Structures are given as C-alpha cells and as structure tokens.
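# Residue-level structural notes
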Amino acid sequence: FFWLSLNVWLFWKTFLLYYQGLQYYYLHQMLGLGLCVSRASASVLNLNCCLVLLPMCRVVLAFLRGSQKVASRKTRRLLDKNKTFHVTCGVTICIFSVLHVAAHLVNALNFSENYNEDFLALNAANYRGEVSQIDLMSVLVPGLTGVIMVLVLFLMCTASTYAIRVSNYDIFWYTHNLFFVFYMLLMLHVSGGVLKYQTNLEEHPPGCFNPNKTLRENMTVPKAFEETFPNYTTEPFPEDLSVPEPFVQNNFMRICSEEPKFQSHFPETWFWISGPLCLYCVERLYRYIRSNKPVTITSVISHPSNVLEVRMMKDDFKARPGQYVILHCPRVSALESHPFTLTMCPTDTKATFGVHLKVVGDWTERFRDLLLLHSNQDTEILPIFQQRRYPK
C-alpha cells in the first residue's frame, strides 16, 4: 500500500507541476496533456527503476533478515517477498513505459502542429507540419536510446514468462542481464534536453504584454503603452482604451520588458538509480569474490523420483538450518546459478554440507550428467551412492 500510494502521489504531483507550473506555461500551451502524462509517467519510471534492483540485493536482505534490527516477524516475512516485489516493479515499468512512449508520440505531433515562431528556442520542429524530420539533432539521443530501451525491455519481459523460464532458463538469465545496458541507456536518455522550462518568470510573467516588441513590429497600440514601462507592473486597465483580449485579464494588464528565456532541465535520472545500481554492483562483486574459494564435492547420491543429493565441503563455510546456497557450475553454464536450501549443515565436528535438488530443467539435467557416471540408470528402486574425486 505504501508503494502504491507513493506511485500515485508522484504521478499526480508531477502531472500538476507541468499542468499548472508557470515555468511550463508556454510548453504546456504547445504540447497539451501529452507533456503532463509523459513527465508524470517518467517520474513513476524513475521510482520503479530505483526500487526494482533492491529486492535483488540478496546479501543485504539476508543480513537484514537475520539481524536483530528486524525484530518483527511480519517484517521478516515481507523481506521474503522480495521476488514478488521485484516482479511487481518490473510490470509497472513495462506499463508506464508504454504510456511514456505514447505520450511522447503525441508530443512529437504537437510540436509539429503547434509550431510557434515566437518561441523558436522552445520548438523541437523547424516549421509547422514537420512530422517526419522533427529537429533530428535535438531528439537523436533521447529518441535512439528510447527505441533501444523499449527493445531491451521487450526482450526482458518476454523472456521472463514462466514458459520460457521452465523450457530454457539460459534465455531468461542472459536477457535479464541486459539490464546493465538498459540502465546505461536510461542515463543517456535524458541528456537530449528537448523539453525546456522558462527561467525569467519575474521579467516575463507567462502571458504578459511586451510593448517594446509591439512597437518594434509597428503594431498599433494605445498611447498609454508608449511610455517607458518598468520590468513588471500590474495596473488597472483604462476602460476607454481598446486592447486585444490576451493583454488583459480581469481588467488588469500584465506588462513585461523582455522575451521569455528557456533552458533545458538538468538530468535527474542518475539521482534515482545511481545508488541502487552501485549497491547492486558492489554486492555482485562481493558475491563473486566470496565464490572464488573452491568447493569440493565429496559425494553424490541419486535418489528415486529424479532427486539428486550433493554433499560438499568448503573452507570457512558456516551456515544455519533453513538457509540456502547458490550453486554455480561453469562447466554447466557460464553465468547461470540457482539457489537451493541446505538439507545438511556443517557442524563443529563435520564440515560437510549438502543440498537435495530435483532434476526438472536443463541446468539440473546437465548438472546431473556431469556428476553421475551413468545418468541413465534406473534409480526408482534403491538410492545409488557414488563417491569419487570430482573436479572443483
């Protein structure tokens, strides 16, 4: 509920900022609701791209799960739902990515249809009606990175389905590691600076009347405007003068002395994802260093119903009942690894520990064929015990 409320609040807050913010007045007049939806969905994407990595920091979660700082049993159970939360954030990223892309397609059309010669710095189009060639240099980086990110996200999403994970786990694992490419492109995606905001709100309130510009364009204006105007004044408008409606609001005129100035936003995506990404990379490095110590397989027992028991030894290995280990065998797969619950823990007098694994997929089948001398033998009657010098 807290995660859902945070997403709704962030979406609505960003939507109102771009809908009512004075600094986005001219940009909103040009793009309409497409601007608000694109930026609001981007905020939700930043949040979930930040949170989706945290459930995968298994060392940190294991430390919190076993420490005395998390005393509540309900809180520890929430930590056990890390995979569910990871999937939830991933689905949210897919949904709001579709919404974000659709809103930007509408923005590209509005840039072309609502082209305004008064705000050249704000336009991404070169002329009215330009749809296919919208300022290619300014949208090349965000457009190209956005397309590649959509393709990467599509591969990760489709390869995460249950059917592919069961039939070929390697496809799921290798495509899921493309998230490094996704995050690198995500930080480059916001460097285009297509959407801009107004910086001189005090000198040029949105929708104000600039008499100096009017005189330069040789337009007919009332004599009351021919005097020198301050930077910004709000005075009652004389009733006997006839002035176009945009210059008058509620019988008051808003006067400005300079043209609006626009500036691109400083990229903020790195602020969201740099912390979790660095934490995850440090943890992956720690797990890699910790796994470099050799593990000696002492024996393998083949039980009925395609169950394999593997007993191992490792220096300075300590564990408690109920914990799990992650098995990684380079001879089976270079990057793939799987968690298994310990069914035998090391003690003070015996350093052997073991796991029971069910042969149900391609990884476990190759692992069994690598360990057993004759993997096609009938094991449905009695368990078969094999003990030999296995490779480390």
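Residues numbered from 1 in each chain as written. Predicted model: local features only at pLDDT ≥ 70, side-chain atom pairs only at ≥ 80, totals over all residues. Heavy atoms only, no water.

In the annotation of an unreviewed UniProt entry, the protein chain is listed under the name NOX4 oxidase and assigned to Aegotheles bennettii. Listed under Subcellular location (unreviewed entry) in UniProt, the entry text for the protein chain is "Membrane". (UniProt positions renumbered as here; feature names shortened; annotations may be inferred.)

Side chains of L54, V60 and L279 sit close together on the surface and give an oily, nonpolar patch of about 190 Å² of accessible area. For V60, the location among the structural elements is in helix α4 (residues 58-66). On the basis of relative accessibility, which here comes to 31%, the residue V60 falls in the partly exposed class. (Patch = residues over 30% accessible without salt bridge, like charges linked within 9 Å, V, L, I, M, F, W, Y side chains within 5 Å. Areas by Shrake-Rupley, 256 points an atom, 1.4 Å probe, with all protein chains shown as cover. Salt bridge = Lys/Arg side-chain N within 4 Å of Asp/Glu carboxyl O. Helix = DSSP H or I, 4+ residues; strand = E, 2+ residues; numbered from the N terminus. Buried < 20%, exposed > 50% of the residue type's maximum accessible area, 1.4 Å probe, protein only.)

For the rest of this paragraph, the subject is the layout of surface pockets. If you add up the space inside the second largest pocket, you get close to 1600 Å³. Around the second largest pocket, the lining comprises 50 residues; the ones closest to its centre are R39, A42, H100, H104 and H189. Those elements giving two or more residues to the lining of the second largest pocket turn out to be α1 (2-20), α3 (33-51), α6 (82-113), α7 (136-159), α10 (179-189) and α12 (269-290). Tallied by class, residues from the lining of the second largest pocket come to 32 nonpolar, 15 polar and three charged. (1 Å grid on protein atoms, 1.4 Å probe; cavity = no way out; pocket = protein on both sides within 12 Å on 5 of 7 lines; lining within 4 Å. Points joined across faces, edges and corners; volume = space filled by probe spheres on them. Nonpolar A, V, L, I, M, F, W, Y, C, P; charged D, E, K, R; others polar.)

To continue, consider the UniProt feature "transmembrane region" (unreviewed entry) in the protein chain. The sites that carry the UniProt feature "transmembrane region" (unreviewed entry) are, in the present numbering, residues 7-25, 45-64, 85-106, 139-164 and 171-190. With 85% helix and 0% strand, residues 171-190 has end C-alpha atoms that lie 30 Å from one another.

Looking at the secondary structure, you find V52 in the loop between α3 and α4. Remark: the alpha-carbon pair of V52 and N82, spanning 30 residues in sequence, is separated by 9.6 Å. Beyond its immediate chain neighbours, meaning those up to four positions away, V52 contacts H86, C89, G90, I93 and Y183. (Contact = heavy atoms within 4.5 Å.)

Attention shifts here to the packing of aromatic side chains. Applying the stated criterion across every chain, the model contains 16 aromatic pairs. Look at W270 and F271: their rings are 6.2 Å apart centre to centre, the planes differ by 85 degrees, and that puts the pair in the edge-to-face class. Residue F271 is classed as exposed on the basis of its relative accessible area of 62%. Through successive ring pairs, a cluster of aromatic residues spans F11, W12, F15, Y19 and F96. (Phe/Tyr/Trp six-rings, centres within 6.5 Å; stacked < 30°, edge-to-face > 60°.)

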